[in-house]
Amino acid sequence: MRKLHSSGSSYEQTLGYSRAVQVDDMLFVSATAAGGPDGKIVGDDLYSQTRYILQKLEGVLQEAGFALADVVQSRLYVTDVAQWQEAGRAHGEAFGDIRPALTLLHVLPFVDPAMLVEVEITARKSASA
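Since we're looking at a predicted model, the values are computed, not measured.

Caption draft 1: Molecular detail of the sheet that holds strand β4 (residues 71–78). If you walk across this open sheet you meet the six strands as β1-β2-β3-β6-β4-β5, and the pairing is mixed. Because the sheet does not close on itself, it has two edges, and the strands there are β1 (2–5) and β5 (101–106). Neighbouring strand axes in the sheet, compared pairwise and without regard to direction, differ in orientation by 10° on average. Pairing of β1 with strand β2 (residues 20–23), which is carried by four bridges, proceeds in the antiparallel orientation. From the neighbouring strand, Arg2 faces β2, where its bridge partner is Val23. The strands that helix α2 (residues 46–63) touches are β2, β3 (26–32), β4 and β6 (117–124); relative to β6, the one it contacts most, it runs at about 30°. Across the sheet, helix α3 (residues 84–95) is in contact with β4 and β5; its angle to β4 comes to roughly 160°.

What follows is the structure, given as structure tokens:
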């Protein structure tokens, strides 16, 4: 079974991607920024943006029938590697006991310079069992 989950963004159609793709018991969630409902970036530091993104991702997981406990891998893309601990702190607060595999990557600035971090996750339903 393959199921596409949409955020409703017009970019999904234009760029040919989905917010998330479910294949059987796996959910692959696209890299997510701290864009709020109005399109503006929420937070002005790595910690607050990462925390907001993880809250958004929890909603994506729930809408697809998954939970944070199902996350088996996460990737943090940060623009300021000197501040990586702040993104890591927010990640640790969300995933401390779950402890998915983690990749931390230093990237060039995103299209919107206010974006300091993006988070991408992979989940497997049976992972929390």
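Next, the rest of the story.
Caption draft 2: Summary view of the layout of surface pockets. Put simply, the largest pocket is a space of about 700 Å³. Within the residue set of the lining of the largest pocket, elements represented by two or more residues are α1 (10–15), β3 and α2. Ranked by the residues each element gives to the lining of the largest pocket, the list is headed by α2, at four residues. For the lining of the largest pocket, the class distribution of residues is 10 nonpolar, eight polar and five charged.

Caption draft 3: The packing of aromatic side chains, seen in detail. Considering all chains together, one arrives at zero aromatic pairs under this definition. The side chain of Arg89 reaches across the aromatic face of Tyr47, ending 3.7 Å from its centre. Sitting over the ring of Phe66, Lys125 keeps its end group 5.1 Å from the ring centre.

Caption draft 4: Highlighting the nonpolar core. Grouped together as the largest cluster of nonpolar side chains are 27 residues, with contacts concentrated most on Leu27, Val29, Leu57, Leu61, Val119 and Ile121. Elements with a contribution of two residues or more to this core: β3, α2, β4, α3 and β6. A total of six residues in this core trace back to one element, the largest contributor, which is α2. Other than its neighbours up to four places away in sequence, Leu61 contacts Leu27, Phe66, Ala67, Leu68, Val71, Ile121 and Ala123.

Rules behind the numbers
- Residues numbered from 1 in each chain as written.
- Predicted model: local features only at pLDDT ≥ 70, side-chain atom pairs only at ≥ 80, totals over all residues.
- Heavy atoms only, no water.
- Pairing = 2+ DSSP bridges.
- Helix = DSSP H or I, 4+ residues; strand = E, 2+ residues; numbered from the N terminus.
- Axes fitted to C-alpha atoms, helices over the stretch in contact; angles between N-to-C directions.
- Contact = heavy atoms within 4.5 Å.
- 1 Å grid on protein atoms, 1.4 Å probe; cavity = no way out; pocket = protein on both sides within 12 Å on 5 of 7 lines; lining within 4 Å.
- Points joined across faces, edges and corners; volume = space filled by probe spheres on them.
- Nonpolar A, V, L, I, M, F, W, Y, C, P; charged D, E, K, R; others polar.
- Phe/Tyr/Trp six-rings, centres within 6.5 Å; stacked < 30°, edge-to-face > 60°.
- Lys NZ or Arg CZ within 6 Å of the ring centre and 35° of its normal.
- Core = buried A, V, L, I, M, F, W, Y, C linked by side-chain atoms within 4.5 Å.
- Buried < 20%, exposed > 50% of the residue type's maximum accessible area, 1.4 Å probe, protein only.

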